[in-house]
Structure formats: C-alpha cells, structure tokens
Amino acid sequence: MEISVIIPVYNKEEYLDHCFESIFQQSFSSFEVVAVDDGSTDHSGSICDQWAAKEPRLHVIHVSNGGVTAARRIGYQQSQGRYIMFADADDLLTEGSLQLMYDTIERTQADEVIGPYDDQYGHRHDSGLRDFVEPELLIRDLLAVRSKFCVLWGIIFRRELLSGCLLAPRQIVEREDSLMQIKCLMRQPRVYFIDKPAYLHYEDVPNSRRESLDWIRIYDEELRQTLQPQWQRYQSAFVHHQLKVYEKFIDRRQFHVFQDYYRPLRHQLTSDIPLMDRIAILLPPRLSYFLIHGYKLFLRHARAPHTSTLS
C-alpha cells in the first residue's frame, strides 16, 4: 500500500459524496481511504458505510466525538500506507493528484510535498514557493497566518514524519492543522513545493465553532512548547501570531480580550513585527476595530468572485 488518504468526518453529509468521488476516480491505484466518523450527529456515518459497502478501498472507523486532531491520529494509526495524505470531508482532490504527489515524493525523496490549492471560486492560492524550501520560512508564514499553501490537507507526507505530531489538547478547535504542521516542521524535514494544485479547498464553509480565551490560552501554551527547542529564533514570530489572533477577536467586537489576555503584548513588540499589527495592539481596542475591520473588508472584497456584466 503506497498512500493512505485520511479523512476526519463530522457532520458533512452534504459534501461527502463529492469528496469520495474525487478520490475514488483517481487513476493512481495503490491507495486506501480511512474515514474517521468523529461522532457525527447527521447522516455522515451512514453515508460513509454506504460507500464502504461498494468500495473495498474505503475503511470506516466510528468513534465518539474527540475532535479533528484525534480523528486524524486514529486514522493515521489504523492506516497502512507508506505515505499519508489528509483530506477534509468538504474538500476535493483534483484529477490526477495522487499520481502527481506520489511521483514527486518518490523522485525528490522529500519528507513532505506541498503545492498550491484552488478554491470553489476559481481562485488559486499559490505561495510562489518552488523546489526545496527551508522549514523556518514555512513556520514563520504559518505563525503570521499568511500561508498560501496547503497546511495539512492536500500534502503528501512520509509516514515517519507524522509520528508523534498528531497530538493536541481536545480544546484546540481552530488552526489545529497549522499547529500539527509546525510540529512536523520543527523536525527539519525536507519540504518540496510543486507548481500544480492537487487539492480543491472549499472556503467559508459554515461552522458553529467560536474560540474562547480559555481555548486560546491552551493553544498558545501548546504552540509555545512546540517552539521551545528554538525559542530564541521564534519568540517574536510567536508574539506576531498572538497579535493576528487578537485582531480576529477585535474584528468580532470582543473588546474585553485586550484587558483579559492581550494587554501584555504591548510590551513585547519588536521591529520585525509588521507596523500595522503593532498599531492595532497599541490603539484602544474600539479604535483598532475600525482599522482591522476595514482592512478585512478590503481583503474579502478583493478575494470575492466578480461576475462580468459585459455581453
């Protein structure tokens, strides 16, 4: 078995058929799919079972809800492939992606192969990175929440690289994929970038998750421990990451987080943190809102699909 595709599944009944179709229509033959039904309360579990009844390459595991990281870990532990790929249940693999990723990792002997990805609006998210890339650059991009490459899904990993990296507290429900990738990158793997997309990621899929400061504290502590072996190198980038999360709270008008958690960041700013992020934390939160919200509205407008009115 060459590739195991691991899919954590939680309440994605309207997406699953398309996800499975995109995988089982691949021309590459030596693969399996491990779908971990993470205690879904809709029909996702039964849809997985229906597919498994007709597709022997699909293995379905039903577990009580433990979160996406635990589901990925269970899938990894139960998989057989030399290489691992993750897919989300509401996303698709592009045509020929398994063959592309397999050929590349075999040819380059990389530990992981990453590429750009497309979204449902027809936009390509491309970092411009090519060939072998130093892990430090990727860690810094992930901490700054500015990566334009697949983070955990849509990547082919050498199986050994993931050992011990799929661990995180249950309370972490956002950016857990970035955290897992940073854990991998801290091991200094050989990372190779290609120019062809292997993945279609659905943007703006609704979910009911809303981060709390309690969760953020847990995330920050896990991230700090992950970076600890090279803390001097990444301390400023860690503060920058905290600032980007703070801006998300302010954009939702949750101004109390400044006094409750983020105020000390004012004394940890360094010149390598972008000026706009430094200004955002130095302004009173209610004033920062207009700066942050206005900038985010501009970005959303720039990314939104535009329909031509020309005939």
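Notes on the structure follow.

### Notes on unusual backbone geometry
Piece 1. Even without being a glycine, valine 145 presents a positive backbone phi close to 55°.
Piece 2. Inspection of the secondary structure puts valine 145 in the loop between α5 (135-143) and β10 (156-158).
Piece 3. Residue classification places valine 145 among the partly exposed positions, given a relative accessible area of 38%.
Piece 4. For arginine 175, which is not glycine, the phi torsion reads 60° and is therefore positive.
Piece 5. Within the secondary structure, arginine 175 is located in the loop between β10 and α6 (176-185).

### Side note on the sheet that holds strand β4 (residues 83-86)
Piece 1. Spatially, β3-β2-β1-β4-β10-β6-β11-β9 is the arrangement adopted by the eight strands of the open sheet, whose pairing is mixed. Every interior strand has two partners, whereas the edge strands, β3 (58-63) and β9 (131-133), have only one. Across the sheet, the mean angle separating the axes of adjacent strands is 25° when strand polarity is ignored.
Piece 2. Sheet analysis places strand β1 (residues 3-9) next to β4, joined by four bridges and oriented parallel. For isoleucine 3, the partnering residue across the bridge sits in β4 and is tyrosine 83.

### As for helix α3 (residues 68-78)
Piece 1. Thr69, Ala70, Ala71, Arg72, Gly75 and Tyr76 are the residues of α3 that are buried.
Piece 2. Check the buried side of α3 and you find it contacts β1, β2 (31-38), β4 and α6.

### Focus on the side chain of serine 79
Piece 1. Relative to the assigned elements, serine 79 resides in the loop between α3 and β4.
Piece 2. Serine 79 gets classed as buried once you look at its relative accessible area, which sits at 4%.
Piece 3. Among the polar contacts listed, one links the side chain of serine 79 to the backbone oxygen of tyrosine 76, at a separation of 2.7 Å.
Piece 4. A distance of 3.0 Å separates a polar atom in the side chain of serine 79 from a polar atom in the side chain of arginine 159.

Parameters at a glance
Residues numbered from 1 in each chain as written. Predicted model: local features only at pLDDT ≥ 70, side-chain atom pairs only at ≥ 80, totals over all residues. Heavy atoms only, no water. Helix = DSSP H or I, 4+ residues; strand = E, 2+ residues; numbered from the N terminus. Buried < 20%, exposed > 50% of the residue type's maximum accessible area, 1.4 Å probe, protein only. Pairing = 2+ DSSP bridges. Axes fitted to C-alpha atoms, helices over the stretch in contact; angles between N-to-C directions. Contact = heavy atoms within 4.5 Å. Polar contact = N/O pair within 3.5 Å; in protein donor to acceptor, adjacent residues only side chain to side chain.

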